[in-house]
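A structural walkthrough
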Amino acid sequence: MRRCRTMRGMRQLDGLTAIGIAHLRDGGWGAVRTALAMLHLRGAVVAHRAGMVRRAGSVPRDAEPLERALFASLYGGMGPRELANRPRVREAVGDVRRDLVRRGLVRPQRRRVLVPLALVVVPPWLLARLIDVVSVRVGLLTSVALVAVACWFLPRRTLAGARALRHLRARHPEPTPDGVPTPAGIGPAVALYGTAALAATMPLFAREAGLLGGGVWSRFLGDGGLHSSSTHLDGGPGTP
């Protein structure tokens, strides 16, 4: 049984990218943070002023959809969380989440909200009915069971998602400051270990770009992100 469960877990992870792993661990912000780290290591994004990022080169040919969305939405200098709030970026993050839902690694948002809400609202009414018809003990036990089921649906990750993270951490140990980050290794490292991996592999960029705290919003600094970079999504001339 354990072998079957392991094989099924491997199938759920088949084709899962570093950005997908990051969303599984830390949600949308984790996915954006990982994508920016991957873009930076390939020379496409650099820090711009305190707590902001800007374009520096062309979008990598092997960039994932979220990386492309970030690059295309980045005008002048922007804080990472401000950038994450751009419509195209939010749409790309939503696609990552929907892929995780299809894989059975995270629960659909509606199910996380509606099922617990229904199971918490029903017990008081059910308790009164059972006490009236059966007994106080049966009513209490039934209500407690329903609340327990409601709590089961609250976590964002499923049991399969939690197992997947444990499996991936076993395959990818936490990076150390003396290691040299590579384009292939930085994605899984930041996806699985978040700010600890950023501090170990690219501390200067992580701090200056605002990846450790979300950065600043450019409109509060007066530049409004209106100075568009001359580098575009396909690396050539034209408007991104």
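What the protein contains, in helices and strands, is 10 helices and 2 strands. Mapped from its N terminus to its C terminus, the protein presents α and β elements in the order α-α-β-β-α-α-α-α-α-α-α-α. Within the protein, the proportion of its 240 residues that are buried is 43%. Taking the intrachain contacts of the protein between residues at least 6 apart in sequence as the baseline, contacts between residues at least 24 apart amount to 66%. Within the structure as shown, the protein displays about 13,000 Å² of accessible surface, and the carbon and sulfur contribution to it stands at 59%.

Taken residue by residue, the protein gives an average pLDDT of 78. The fraction at 70 or more is 65%. Between the elements of the protein, mean pLDDT differs from a low of 52, seen in helix H1 (residues 2-13), to a high of 97, seen in helix H3 (residues 65-73). Between residues 1-9, whose pLDDT stays under 50, and residues either more than four places distant or in other chains, the model counts 1 contact. For the stretch residues 223-240, pLDDT sits under 50, and the model shows 37 contacts to residues farther than four places along the chain or on other chains.

Here the focus is the pattern of salt bridges. Under the counting rule described, the total for this entry stands at 7 salt bridges. A salt bridge links Asp26 to Arg33; its shortest N-O distance comes to 2.8 Å. In this structure, Arg98 and Asp95 form a salt bridge, with 2.6 Å as the shortest nitrogen-oxygen distance. In this pair, Arg98 and Asp95 are both assigned in helix H5 (residues 87-103), 3 residues apart and thus about one turn of the helix distant.

Attention now moves to the packing of H3 against H5. Close contact between H3 and H5 brings their axes to 8 Å; oriented N to C, the two are set at 175°. Taken together, H3 and H5 sit at an angle that is classed as roughly antiparallel. Taken together, the residues of H5 that come into contact with H3 (itself represented by Pro65, Leu66, Ala69, Leu70, Ala72 and Ser73) are Arg88, Val89, Ala92 and Val93. When grouped by side-chain class, the residues that make up the contact of H3 with H5 number 8 nonpolar, 1 polar and 1 charged.

Our next topic: the packing of aromatic side chains. Two measures describe an aromatic ring pair: the distance that separates the ring centres and the angle between the ring planes. If you walk through the whole model with that rule in mind, you get 0 aromatic pairs. Stacked on the ring of Phe71, the Lys or Arg Arg55 has its end atom at 4.7 Å from the ring centre. The cationic tip of Arg81 hangs over the ring face of Trp29; the distance from NZ or CZ to the ring centre is 4.1 Å.

This paragraph deals with the side chain of His23. Note on placement: His23 falls in helix H2 (residues 18-41). Beyond its immediate sequence surroundings of up to four residues, His23 is in contact with Gly28, Ala31, Val93, Val96, Arg97, Leu100 and Arg156.

Another point: the packing of H2 against H3. One way to put it is that H2 packs onto H3 with a least axis distance of 9 Å and a crossing angle of 55°. The angle between H2 and H3 falls in the class oblique. Of the two elements, H2 crosses H3, and the hand of that crossing is right-handed. Contacts from Ile19, Ala31, Val32, Ala35, Leu36, Met38 and Leu39 of H2 reach H3 at Leu66, Glu67 and Leu70. A class-by-class count of the residues in the contact of H2 with H3 yields 9 nonpolar, no polar and 1 charged.

What follows is about the environment of Pro183. Note that Pro183 resides in helix H9 (residues 183-201). In the structure, Pro183 is positioned 144 residues away from Leu39 in sequence and 8.8 Å away in space, judged by C-alpha atoms. With residues near it in sequence (within four places) discarded, Pro183 still touches Leu41 and Arg42.

Conventions we followed
- Residues numbered from 1 in each chain as written.
- Predicted model: local features only at pLDDT ≥ 70, side-chain atom pairs only at ≥ 80, totals over all residues.
- Heavy atoms only, no water.
- Helix = DSSP H or I, 4+ residues; strand = E, 2+ residues; numbered from the N terminus.
- Buried < 20%, exposed > 50% of the residue type's maximum accessible area, 1.4 Å probe, protein only.
- Contact = heavy atoms within 4.5 Å.
- Areas by Shrake-Rupley, 256 points an atom, 1.4 Å probe, with all protein chains shown as cover.
- pLDDT = per-residue confidence, 0-100.
- Salt bridge = Lys/Arg side-chain N within 4 Å of Asp/Glu carboxyl O.
- Axes fitted to C-alpha atoms, helices over the stretch in contact; angles between N-to-C directions.
- Parallel < 35°, antiparallel > 145°, perpendicular 65-115°, else oblique.
- Nonpolar A, V, L, I, M, F, W, Y, C, P; charged D, E, K, R; others polar.
- Phe/Tyr/Trp six-rings, centres within 6.5 Å; stacked < 30°, edge-to-face > 60°.
- Lys NZ or Arg CZ within 6 Å of the ring centre and 35° of its normal.
- Left-handed = near helix turned anticlockwise from the far one by under 90°.

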